[in-house]
Amino acid sequence: MFIYVLKKIGVIIPTFLGVTLVAFIFIRLLPGDPVLLMAGERGMTEERHARMMAEFGFDKPILVQYGLYLNQLAHGDFGTSIITRKPVLQEFMTLFPATVELSLCAIILAVLLGLPAGMIAAVKRGSFFDHTVMTGALTGYSMPIFWWGLLLIIFFSGILGWTPVSGRISLLYYFEPVTGLMLVDSLLSGQDGAFWSAIRHLILPTVVLATIPLAVIARQTRSAMLEVLGEDYIRTARAKGLSPIRVTGLHALRNALIPVITVVGLQVGVLFAGAILTETIFSWPGIGKWMVDSIFRRDYPSVQGGLLLIAAIVMIVNLLVDLLYALINPRIRHTE
Amino acid sequence: MALLDIRNLTVAFQTGNGMFTAVDRVSVSLSEGEVVSIVGESGSGKSVAMLAMMGLLPWTARVTADRMEFDGKDLLAMGSGEKRRIIGREITMIFQEPMSSLNPCFTVGFQLTEALKTHLRMGRKERRERAVELLNQVGIPEPVKRLSVFPHQLSGGMSQRVMIAMAIACNPRLLIADEPTTALDVTIQAQILDLLLKLQQDNDMALVLITHDMGVVAETAKRVMVHYAGQQVEHQEIGGLFANPHHPYTAALLAALPERAASKKLPSIAGVVPGQFDRPTGCLFSPRCRFVTDLCRSSEPPPAPAELGSALCHYPLDDGVPLNHPDGKEAV
Ligand SMILES: Nc1ncnc2c1ncn2[C@@H]1O[C@H](COP(=O)(O)OP(=O)(O)OP(=O)(O)O)[C@@H](O)[C@H]1O
Ligand SMILES: [Mg+2]
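Residues numbered from 1 in each chain as written. Chains lettered and ligands numbered in written order. Predicted model: local features only at pLDDT ≥ 70, side-chain atom pairs only at ≥ 80, totals over all residues. Heavy atoms only, no water.

As annotated in an unreviewed UniProt entry, chain B is Dipeptide transport system ATP-binding protein from Desulfofustis glycolicus DSM 9705. Among the UniProt annotations of chain B, the heading Sequence similarities (unreviewed entry) holds the following wording: "Belongs to the ABC transporter superfamily." Under the UniProt heading Subcellular location (unreviewed entry), the note attached to chain B is "Cell inner membrane". (UniProt positions renumbered as here; feature names shortened; annotations may be inferred.)

The name that an unreviewed UniProt entry assigns to chain A is Dipeptide transport system permease protein, with the source organism given as Desulfofustis glycolicus DSM 9705. As stated in UniProt under Sequence similarities (unreviewed entry), the record for chain A gives "Belongs to the binding-protein-dependent transport system permease family." Check the Subcellular location (unreviewed entry) section of the UniProt entry for chain A; it says "Cell membrane".

Listed below in structure tokens is the structure:
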């Protein structure tokens, strides 16, 4: 188990270095001169342009720029936004809780619905329920997020008027963030209706973001369950006279969860990609929307720093999933 | 009254190519504390017949029988809830593949005590004591330590001992052992067999031993049923079976035993058990039988009288001679 953990950590470090390189090169390949962009309509003199290029280090050879960047990273400096002039890390940390809240709700929704749906579909294989779940999952999986989000907005916000169109909470409420999670903060604020408002704002983005993970989890759970249900130990469990609920819900599910957990972990990366679109559609003030805005403003340091931080978080989550995988799988946990 | 009484059990599977009869009119009866054996080559429906009785077949199986009673209770008519009170408590089963028959995600202790909790409603402490006692009975050293071990940490022989401990946990009246030693090392096989027989005697439980090894049969059972391609082709006391087999298939099986082989080369039976697609008309054994005639190929044999082992044969053997055979003694 100890060696397993060390191995997993050993893989992460070079991966992260690779990501820094990719992020660095990729950003330089984008067209557009950031200094000119900052100047805006007014334009600027040749001399001032050169001075600003030097100030941000854009005039040095590309390898040196990369070296400098790595050095900064080592000191916990993820750069400074050339638009707001604030440290990227600070901006990131301010917006991060909004994304965490949205992603967490989405993954919880996906697991809460996808796991039982996949399980029941497997047990009642070939039934009407099974066909419905599998068709739904395929549809959900192939749905373009942007279109799906707009469709929901048109229907629930536009036609029915049930949910707000954008933001995290109604403008009527204001309180200082404590945890950064609107659901928690609105409760802590004690203001009437604040919590309900936060929930109403959260519903549509959560549904949109959860769609693909939900489809993937349902399908994976179904196929894992189908495989496990044919195993000899399931027959042993039934031969003990255990109830069908105990056989499928405990003996089979526990084994089926092992591959499902891996898939859920992989969905975290997908979730961040989805968050970029979802946050943009719903003007959700999280890091997804911030990244998109930064790209449009050619805010190199923000995009670069943001990419790295997201990559780091995905890697940490994957590491945690690997640990969970080991914990739930005795064949890994108990090896000498 | 018989403890287990099965008459004309038939199991057919729904397959992509229509129905496939895996078990064809098989009868098994067994009294309290008795040991019987079911022998036959791979694919002859031994497992399916017993799984059908346990209710462990998939939904594609259609099970019918003229009678299927355990201790006077009709197993076919009872609801699944009622059946679960018998299965795992009064009738238990162990399987061919001990390594894959234990759930890899749960400890030995957990799996061992599950039946005690479900059927006997024992408390935690009581269950633990019983589990240790059971592991002792099946000869597992350091039983307390083994309770917290996972199946992948056990050898095949140890796994089968755990399976046996699980099966005898609630003191069942009938244990079905489905080729319990086939997957194990030769040296372990005898130990497991001895253990099963010892437990059978100590606990006075009935035992159905499924095997394809005539040698195992000789050492264990009092009564033997020979299965071939889903049918029960012979049924005899052990002594009679070895001295005077009535079905040509039984005779061929016995001739294939190493200690009975006339020459150095083992006479194995040529051909294989017919499956779904190569089922012959008439007698199912006819393509492999050395006494085969046109009658065998065209019409299904009726069972011979009980004193001829109820052999499913047109010309049941008596002292090696096929009775009423057109070639008479010349056929041998
Ligand atoms: N679920 C199933 N669906 C269709 N056919 C099946 C199914 N289970 C078993 N069979 C078929 O039934 C026949 C009898 O199988 P069974 O497992 O009872 O043989 P066996 O006598 O136990 O052989 P072995 O010595 O290999 O265990 C085989 O031809 C097998 O392919
Ligand atoms: Mg079998």
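Our next topic: the pairing of strand 1 (residues 4-15) of chain B. All names here are of chain B. Bridging between strand 1 and strand 2 (residues 18-30) involves nine bridges; their strand directions are antiparallel. The residue of strand 2 that forms the bridge with isoleucine 6 is valine 28. Remark: two residues form the turn of the hairpin made by strand 1 and strand 2, two consecutive strands paired antiparallel. Across four bridges, the pairing between strand 1 and strand 5 (residues 67-70) is antiparallel. (Pairing = 2+ DSSP bridges. Helix = DSSP H or I, 4+ residues; strand = E, 2+ residues; numbered from the N terminus.)

Attention now moves to the side chain of threonine 293 of chain B. Residue and element names in this part refer to chain B. Mapping threonine 293 onto the fold places it in the loop between helix 11 (248-255) and helix 12 (294-298). The class for threonine 293 is buried, based on a relative accessible area of 11%. Among the polar contacts made by the side chain of threonine 293, one reaches the side chain of tyrosine 315 at a distance of 3.0 Å. Apart from residues no more than four positions distant in its own chain, threonine 293 is found in contact with Tyr315, His325 and Pro326. (Buried < 20%, exposed > 50% of the residue type's maximum accessible area, 1.4 Å probe, protein only. Polar contact = N/O pair within 3.5 Å; in protein donor to acceptor, adjacent residues only side chain to side chain. Contact = heavy atoms within 4.5 Å.)

Moving on to the UniProt feature "domain: ABC transporter" (unreviewed entry) in chain B. Mapped onto the present numbering, the UniProt feature "domain: ABC transporter" (unreviewed entry) falls on residues 6-254 of chain B. The span residues 6-254 of chain B shows a helical share of 41% and a strand share of 27%, and its end C-alpha atoms are spaced 27 Å apart.

The next subject is the site of ligand 1. Residue and element names in this part refer to chain B. Around ligand 1, the surrounding shell holds 15 residues, and the nearest of these are Ser42, Gly43, Ser47, Val48 and Glu179. Here an oxygen atom of ligand 1 sits 2.4 Å away from a polar atom, N or O, in the side chain of serine 42. In this structure, an oxygen atom belonging to ligand 1 sits 2.9 Å away from a main-chain N or O atom of valine 48. Compared with its free state, where it exposes 640 Å², ligand 1 has 68% of that area covered by protein. Within the residue set of the shell around ligand 1, elements represented by two or more residues are strand 2 and helix 1 (46-54). Here the element with the most residues in the shell around ligand 1 is helix 1; it accounts for three residues. Per-class residue counts for the shell around ligand 1 are five nonpolar, seven polar and three charged. (Near = heavy atom within 4 Å. Areas by Shrake-Rupley, 256 points an atom, 1.4 Å probe, with all protein chains shown as cover. Nonpolar A, V, L, I, M, F, W, Y, C, P; charged D, E, K, R; others polar.)

Once that is clear, we can look at helix 1 of chain B. It helps to recall that an α-helix has 3.6 residues per turn; residues three or four apart then point in one direction. For helix 1 of chain B, the tally of buried residues reaches eight of nine residues, placing the bulk of the element in the interior. Phi turns positive, to about 75°, at glycine 55 of chain B, one or two residues after helix 1 of chain B.

This part takes up the packing of aromatic side chains. In total, this model carries eight aromatic pairs over all chains according to the counting rule given. With 6.0 Å between their ring centres and 40° between their planes, phenylalanine 156 of chain A and tryptophan 162 of chain A make a pair best called tilted. On the basis of an interplanar angle of 15° and a centroid distance of 4.7 Å, the ring pair of phenylalanine 106 of chain B and phenylalanine 110 of chain B is categorised as stacked. Judged by its relative accessible area of 6%, phenylalanine 106 of chain B is buried. On the basis of relative accessibility, which here comes to 28%, the residue phenylalanine 110 of chain B falls in the partly exposed class. Joined through ring pairs, the aromatic side chains of Phe92, Phe96 and Trp290 of chain A make up one cluster. Here the guanidinium or amino end of arginine 235 of chain A rests over the ring plane of phenylalanine 95 of chain B, the centre of that ring lying 4.1 Å away. (Phe/Tyr/Trp six-rings, centres within 6.5 Å; stacked < 30°, edge-to-face > 60°. Lys NZ or Arg CZ within 6 Å of the ring centre and 35° of its normal.)

What follows concerns the pattern of salt bridges. When the charged atoms of two side chains lie near each other, side chains of opposite charge can form a pair. This model, assessed by the stated rule, comprises 22 salt bridges over all chains. In this structure, lysine 8 of chain A and aspartate 322 of chain A form a salt bridge, with 3.8 Å as the shortest nitrogen-oxygen distance. Placement of lysine 8 of chain A in helix 1 (residues 2-29) and of aspartate 322 of chain A in helix 13 (residues 300-328) is noted, with a sequence separation of 314 residues between them. For lysine 8 of chain A, a relative accessible area of 27% corresponds to the partly exposed category. Taking the shortest distance from any N to any O, the salt bridge between lysine 46 of chain B and glutamate 179 of chain B comes out at 3.7 Å. Note that lysine 46 of chain B is positioned in helix 1 and glutamate 179 of chain B in the loop between strand 8 (174-178) and helix 8 (186-203), a separation of 133 residues in sequence. Glutamate 179 of chain B shares its class with lysine 46 of chain B; the two are buried. A single salt-bridge network, built from bridges that share partners, covers Glu32, Asp71, Glu90 and Arg173 of chain B. (Salt bridge = Lys/Arg side-chain N within 4 Å of Asp/Glu carboxyl O.)

So, on to the UniProt feature "transmembrane region" (unreviewed entry) in chain A. All names here are of chain A. The UniProt entry lists residues 9-30, 100-124, 145-175, 195-217, 256-287 and 307-328 under the feature "transmembrane region" (unreviewed entry), expressed in the numbering used here. Structurally, residues 195-217 is divided into 100% helix and 0% strand, and its ends, taken at the C-alpha atoms, are 29 Å apart. End C-alpha atoms of residues 256-287 are separated by 34 Å, and the span's content is 84% helix alongside 0% strand.

The next thing to look at is the UniProt feature "domain: ABC transmembrane type-1" (unreviewed entry) in chain A. This chain's UniProt record puts "domain: ABC transmembrane type-1" (unreviewed entry) on residues 96-325 of chain A. This span, residues 96-325 of chain A, is 80% helix and 0% strand, and a straight line between its end C-alpha atoms measures 26 Å.

Chain A puts 23 residues into the contact, and the matching count from chain B is 28 residues. Together, the buried faces of chain A and chain B total about 2300 Å²; carbon and sulfur atoms form 58% of this surface. In terms of surface lost to chain B, no three residues of chain A exceed Arg235, Ala239 and Lys240 of chain A, which account for 25% of the buried area on that side. Note that glutamate 114 of chain B is salt-bridged to arginine 246 of chain A, the shortest N-O span being 2.9 Å. Viewed at the interface, chain B and chain A are joined by 12 residue pairs in polar contact (both at pLDDT 80 or more). Those elements giving two or more residues to the side of chain A that touches chain B turn out to be helix 10 (232-239), helix 11 (244-281) and helix 14 (330-333) of chain A. The dominant element in the side of chain A that touches chain B, judged by the number of residues it contributes, is helix 11 of chain A, at seven residues. (Buried area = accessible area lost by both parts, 1.4 Å probe.)

Before going further, it helps to examine the nonpolar core. Within the largest apolar cluster, 81 residues are counted, with the highest numbers of intra-cluster contacts made by Met50, Met53 and Leu174 of chain B. Residue contacts for methionine 50 of chain B: discarding those within four places in its chain leaves Val28, Ile38, Met93, Ile176, Val208 and Ile210 of chain B. (Core = buried A, V, L, I, M, F, W, Y, C linked by side-chain atoms within 4.5 Å.)

Residue and element names in this part refer to chain A. Backbone geometry places arginine 85, a non-glycine residue, at a positive phi of 65°. If you trace the backbone, arginine 85 turns up in the loop between helix 4 (62-74) and helix 5 (88-123). Overall, the relative accessible area of 48% leaves arginine 85 in the partly exposed class.

Glancing now at the packing of helix 7 (residues 145-159) of chain A against helix 9 (residues 194-229) of chain A. Residue and element names in this part refer to chain A. Between helix 7 and helix 9, the shortest axis-to-axis distance is 10 Å and the interhelical angle comes to 145°. Taken as a pair, helix 7 and helix 9 cross one another with a handedness that is right-handed. Counting all contacts with helix 7, which are made through Ile145, Trp148, Gly149, Leu152, Ile153, Phe156 and Ser157, the residues of helix 9 involved are Leu204, Val207, Val208, Thr211 and Ile212. A class-by-class count of the residues in the contact of helix 7 with helix 9 yields nine nonpolar, three polar and no charged. (Axes fitted to C-alpha atoms, helices over the stretch in contact; angles between N-to-C directions. Left-handed = near helix turned anticlockwise from the far one by under 90°.)

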